[in-house]
Every structure is written in structure tokens, then in C-alpha cells.
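# Coordinates in review
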Number of protein chains: 2
Amino acid sequence: MTYSTQQDETVAPEAGASEDKGRRDEIVAVARRLLEHHGPDGVTMRAIASELGIRAPSLYKHVADKRELEVALIADGFRQQAEAFEQSEEHAIETFARRYRTWALEHPHLYRLMTDRPLPRNELPDGVEERAARPLIQAFGGSVDHARAAWAFAHGMVTLELAQRFPPDADIDAAWRVGIDAISNQSATTTNTR
Amino acid sequence: MTYSTQQDETVAPEAGASEDKGRRDEIVAVARRLLEHHGPDGVTMRAIASELGIRAPSLYKHVADKRELEVALIADGFRQQAEAFEQSEEHAIETFARRYRTWALEHPHLYRLMTDRPLPRNELPDGVEERAARPLIQAFGGSVDHARAAWAFAHGMVTLELAQRFPPDADIDAAWRVGIDAISNQSATTTNTR
DNA sequence: CATTGTAGGCTAACAGCGTTAGCAATGTCA
DNA sequence: TGACATTGCTAACGCTGTTAGCCTACAATG
């Protein structure tokens, strides 16, 4: 058996730096699609390769390991979140909460990937995490304690909803209202800007 | 090669019903220990078997599959939580929060196992989930919306802490204080007892 | 034009995972 | 003593991520 037509596309590498980018980006894109459509179990190296018409070991010519793919998806997720959360309105807290929940429910698997495990902060582009977090901190006038409490509440609501931990007849909107109300009407006695 | 000394322990089965209990409980106990000490990746069927001096396939004489083991651990976790949370004090909310956090930090892997995925409610002993949840609902005088908001906050704080998502210098205690303060001083405008 | 180097495919294979099939030895009971 | 259930075993399957080593096509250089 001979390799008949491998490497058809000759794309004339444009002058400049590393040209690995194209293929690598394709791989990441496929991984993202598989994650969204088939969940974490659907993201296997063989499945990714198959979608690209190649075999799994070939992926390692472009990517060090699977973890690197996940890091790429996480970094991308932060960028998406930053865009979704950035705003300059009143009712900042309510707006943030709504957008946070919406984003998470629209990207459940990516959200889990981003929050399940410790962040690979060393491998993440600089500032990417900060930028996604800034809108929330601003909404609380720089009080990080309040911002963290609000974040924890939102994160808890979202993960419990995603994991279907509330009873089927639970009024999730009502719980959101109660929580947001409580935190935004909070008397800022112990404001911490650290 | 012959099987030399298999099945040494002759324990004289006490009269009564199914005697699978003993071995099955041992298996669950080993699984729990492995989960606590080595995390979820340490809980493999081969590792469990090895601890018991047998081979992995033999486990299936006592347990249907790995999921059943996990369900047993989850049920046990709920029982532990119920005992840890049940109380009859004042400052119920603060006390609950402290105990909730303490329990989660003491059993991080079990906590994750219990909250990560949808509960196998069909396979769980009746009432076990309810009982663990009751102390919290009582602390809020039966308002399930407030209880859920508080639960989400606590769950969010705990999972973010376990996943090391707060910056290393973050004042986690302060965030807890802010959140608890907000929710317990909440004006109960929209009380829902459903 | 011939040579060399590299990029990016490939197959074969390994260790580890959960799990199944089928066999063997032991202990219990009639 | 014979039958049967219990509980162990080995071998194996299909899946996972990953490595080693090979081959082919193209680009650049002499």
C-alpha cells in the first residue's frame, strides 16, 4: 500500500514567522466543535483527527498533548466571556448576572472545562483571566470581596443548574432574584479593594 | 499453576438474608479510601481489587459496575453531610455556612463526586438527599428561594476554592462574610415556600 | 539539475481503563 | 456423594492518550 494523495493543498506559505498556525487552529476549532456538540467525552484525539481526515498520532506534529488543546479552548472561552460581559450600563449587577448565566447555559461544556479544574495560569495568555473578571469587579465599585461573593453565587447557581441539582419544579429565576437582590442591596460595611 | 489458598476466611454466614453485604461493603470502603487519598483518578477497578488482594474482574461478582460504587459513595456522603449539618442553634445560617465549608474542604473529592454530575436519584436511597438539605431550608424558615440562593453561594464559594480559582492572596473568609451577611439580612419580600 | 532537510502524514504498538466470557476451585446442602 | 451456588481466576475486547519509527512530498541550496 502506498500513500496516494497526501498533502494535496499547497498553499504557498506567506512570508513571515511560524506557519504551523493554520493546521493547529483547525485542530483547536474541531476540538471546540466536538466539545460543544458531543460534550467532553466526545473530544478524543482520534475523533479530532478523524474530522480532519487524518490519524490521531499526526495531531502530535502540531500539538504537544491533549491538555494543550484544552488550554487553548479555555483561553478562547475567557475571550468570549470578556466580550459578552463588557458593558457600560446602569443596573450593572443585574445585567452581569443575566449575561453570566446566559453565556454559561449556551456553552455548558466549555464553562465546565473552564471552572472544573485549577487554571493553567502559566500557559494562559497574559491578562485574559483578568479581562473577563473586570466587568464584575467594576460593577461592585472595586470591592473585590463583594465581587467574589457575587461571582460565587452566580457560579454556584450556574453549576447547580447545569448539573440538574435543583428539583425539576424549582423556580430558578426566583433564586437568582433573591441572591442578586441580597448582594446588590448589601451595605458596604467592609469594603476591601485589595 | 493452581490457586493455592483462595478464600481462607470462613466466617460462618450468620443466618438471614443476602450475604453479599460483607464483601460489597469492603469494596465500597476501599473505593472511599482511594478516593479520599488519591483522588478520582486513583479509584480504578484494578486498584480497588489490588487493595483487596484480588483481580479486577472479580469485583463484578459483587458490584454491577463502577457507577454503582460511585452511587454508594454519594449516598454515604449525603448521610455524612446530614449528620454534620443537623443542628438546633441560633445563628443557624452562619453555623450552616461554616459547617458546609468545613465538610467540603475535608472531603474535597467526595464533594466533587456528589455535585459534579446529575444525581442518580433513582438509585439513591429515599430521602437521603432531602435529609441533607433540610437543615439549610429550616435555617431560612422554609423559604426555598432563599435557601437555594444561600446554597448556590456556598456551593460556588466551595467549588471555586477547591478548584483554586481565587487568587492565592484572596481573602476568602471576607467573601464568605459578605455573602452570608447579604443573604441573612435579606428583606424577605418574595417568600416562596414551594 | 541533483541533493539535502524538514514538515506532516502514516502504521504499529504500549500501557492503562472499564468490562465480559468462560473456567476452576471451594463450601453448602440434600 | 452429588449438585449447585459462590467467588475467585485468566484471557481478551474496545476504548483512551501517547510514542517510535518510517515514508513521501515539497523547499531550499549547491
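Summarised in this report is the structure supplied together with it. The residue numbering used here restarts from 1 in each chain and proceeds along that chain's sequence as written. Whichever chain is written first becomes A and whichever ligand is written first becomes 1, with later ones labelled in order. In keeping with the predicted nature of the model, local features appear solely for residues at pLDDT of at least 70, side-chain atom pairs appear and are counted solely at 80 or more, and the whole-chain, interface and lining totals rest on all residues. Here the side-chain values reflect all heavy atoms present in the structure, with hydrogen atoms and water set aside.

Neighbouring DNA strand C are 22 residues, the closest being Arg23 and Arg55 of chain A together with Arg46, Tyr60 and Lys66 of chain B. In this text, near means that some heavy atom of the residue lies within 4 Å of the molecule or strand in question. Here DNA strand C approaches the protein such that, of its atoms within 4 Å, sugar and phosphate make up 54%. Here a polar contact is taken to be a pair of N or O atoms separated by no more than 3.5 Å, where protein atoms must pair a possible hydrogen donor with a possible acceptor and residues adjacent in sequence count only if both atoms sit in side chains. Between DNA strand C and the protein, one listed contact pairs a phosphate oxygen with a side-chain N or O atom of Arg23 of chain A at 2.9 Å. Counting from the N terminus, the helices are DSSP H or I runs at least four residues long and the strands are E runs at least two residues long. Going through the elements one at a time, α3 (56–59) of chain A together with α2 (45–52) and α3 (56–59) of chain B are the ones with two or more residues in the surface near DNA strand C. Under the convention adopted here, Pro, Cys and the residues Ala, Val, Leu, Ile, Met, Phe, Trp and Tyr are nonpolar, Asp, Glu, Lys and Arg are charged, and Gly plus all remaining residues are polar. For the surface near DNA strand C, a count of residues per class yields 9 nonpolar, 6 polar and 7 charged.

This next bit is on the environment of Met45 of chain A. Residue and element names in this part refer to chain A. Structurally, Met45 is set in helix α2 (residues 45–51). It is 9.9 Å that separates the C-alpha atoms of Met45 and Leu69, two residues lying 24 residues apart in sequence. Discounting residues that sit within four places of it in the chain, Met45 has contacts with Ala56, Leu59, Tyr60, Lys66 and Leu69. Contacts between residues were defined by any pair of non-hydrogen atoms, one from each residue, lying within 4.5 Å.

Our next topic: helix α7 (residues 128–139) of chain B. Residues and elements named next belong to chain B. Among all positions of α7, only Val128, Ala132, Pro135 and Leu136 are buried. One side of α7 carries all its buried residues, which in axial view fall inside an arc of 90°. Across from the buried face of α7, at angles greater than 90 degrees, the exposed residues are Glu130 and Gln138. Summarising the contacts, the buried residues of α7 are in contact with α4 (66–85), α5 (92–106) and α8 (144–162). With a 1.4 Å probe rolled over the protein chains alone, any residue whose accessible area is under 20% of its type maximum counts as buried; one over 50% counts as exposed, and the rest are partly exposed. By arc we mean the arc of the directions from the helix axis to the C-beta atoms, nothing more.

Turning to the packing of aromatic side chains, a few remarks are in order. Residues and elements named next belong to chain A. Under the pairing criterion, centres of Phe, Tyr and Trp rings, with the six-membered ring standing for Trp, must be within 6.5 Å; the plane angle then separates stacked pairs below 30 degrees from edge-to-face pairs above 60, leaving the rest tilted. Within this structure, the stated rule accounts for 12 aromatic pairs over all chains. Between Tyr100 and Tyr111 the ring centres are 5.8 Å apart and the planes differ by 85°, which places this aromatic pair in the edge-to-face class. Of this pair, Tyr100 sits in helix α5 (residues 92–106) while Tyr111 sits in helix α6 (residues 108–116), and the two are 11 residues apart along the sequence. Each member of the pair Tyr100 and Tyr111 is classed as buried. Among the aromatic residues, those joined into a ring-pair cluster are Phe85, Phe96, Tyr100 and Tyr111.

All right, on to the interface of chain A and chain B then. In this complex, chain A contributes 41 residues to the contact, which on the side of chain B involves 41 residues. Reported buried area values correspond to the accessible surface (1.4 Å probe) lost by two parts on association, with both partners' losses combined. Where chain A abuts chain B, roughly 3500 Å² becomes buried across the two surfaces, and 56% of that area is made up of carbon and sulfur atoms. Contact with chain B buries area across many residues of chain A, yet Arg148, Arg165 and Val178 of chain A alone supply 20% of it, more than any other trio. In what follows, salt bridge is the name for a side-chain nitrogen of Lys or Arg lying within 4 Å of a carboxyl oxygen of Asp or Glu. Run the count over chain A and chain B and you get 2 salt bridges. The shortest N-O distance in the salt bridge between Asp116 of chain B and Arg112 of chain A comes to 3.6 Å. Secondary-structure elements contributing two or more residues to the side of chain A that touches chain B are α6, α8 (144–162) and α9 (172–184) of chain A. Looking at the side of chain A that touches chain B, the element that brings in the most residues is α8 of chain A, giving 12 residues. For the side of chain A that touches chain B, the residue count by class is 19 nonpolar, 10 polar and 12 charged.

A few words on the packing of helix α4 (residues 66–85) of chain A against α5 of chain A. Residue and element names in this part refer to chain A. Orientation of α4 relative to α5, taken along the N-to-C sense of each, is 145°, at an axis distance of 10 Å. Between α4 and α5 lies a crossing whose hand is right-handed. Each of Gly77, Gln80, Gln81, Ala84 and Phe85 in α4 lies in contact with α5, whose residues at this interface are Phe96, Arg99, Tyr100 and Trp103. When its residues are assigned to classes, the contact of α4 with α5 shows 5 nonpolar, 3 polar and 1 charged. Lines are fitted to the C-alpha atoms to define the axes, a helix being fitted only along its stretch in contact, and any angle between axes, read from their N-to-C directions, falls within 0 to 180 degrees. Handedness of each helix crossing follows the sense of rotation of the near helix against the far helix: counterclockwise by less than a right angle gives left-handed, clockwise gives right-handed.

Turning our attention to the relation of the copies chain A and chain B. Superposing the copies works by least squares over the C-alpha atoms of residues that have pLDDT at least 70 in both of them. Superposition of chain A onto chain B requires a rotation of 180° combined with a translation of 0.0 Å along the rotation axis, giving an RMSD of 0.0 Å. Overall, the copies show the geometry of a two-fold rotation axis. Here 100% of the interface residues in chain A have copies in chain B that are interface residues too; the copies meet face to matching face.

Right, let's get into the nonpolar core. By convention a nonpolar core is built from buried Ala, Val, Leu, Ile, Met, Phe, Trp, Tyr and Cys residues, the set being connected through side-chain atoms within 4.5 Å. Within the largest apolar cluster, 116 residues are counted, with the highest numbers of intra-cluster contacts made by Ile48, Phe153 and Trp176 of chain A together with Ile48, Phe153 and Trp176 of chain B. In this structure Trp176 of chain B touches Ala97, Arg101, Phe153, Ala154, Met157, Val158 and Glu161 of chain B, once residues within four positions along its chain are discounted.

The next thing to look at is the layout of surface pockets. Note on definitions: the grid is 1 Å and covers protein atoms alone; a cavity is a set of points where a 1.4 Å probe fits but cannot get out; a pocket is an open set with protein on both sides within 12 Å along at least five of seven lines; lining residues have an atom within 4 Å of a point. Grid points are joined across faces, edges and corners, and a volume is the space filled by probe spheres set on the points. In this structure, the largest pocket occupies an estimated 1400 Å³ of space. Taken together, 36 residues form the lining of the largest pocket, with Asp116 and Arg117 of chain A together with Arg112, Asp116 and Arg117 of chain B sitting closest to its centre. Breaking the lining of the largest pocket down by element, the ones donating at least two residues are α4 and α6 of chain A together with α1 (21–38), α4 and α6 (108–116) of chain B.

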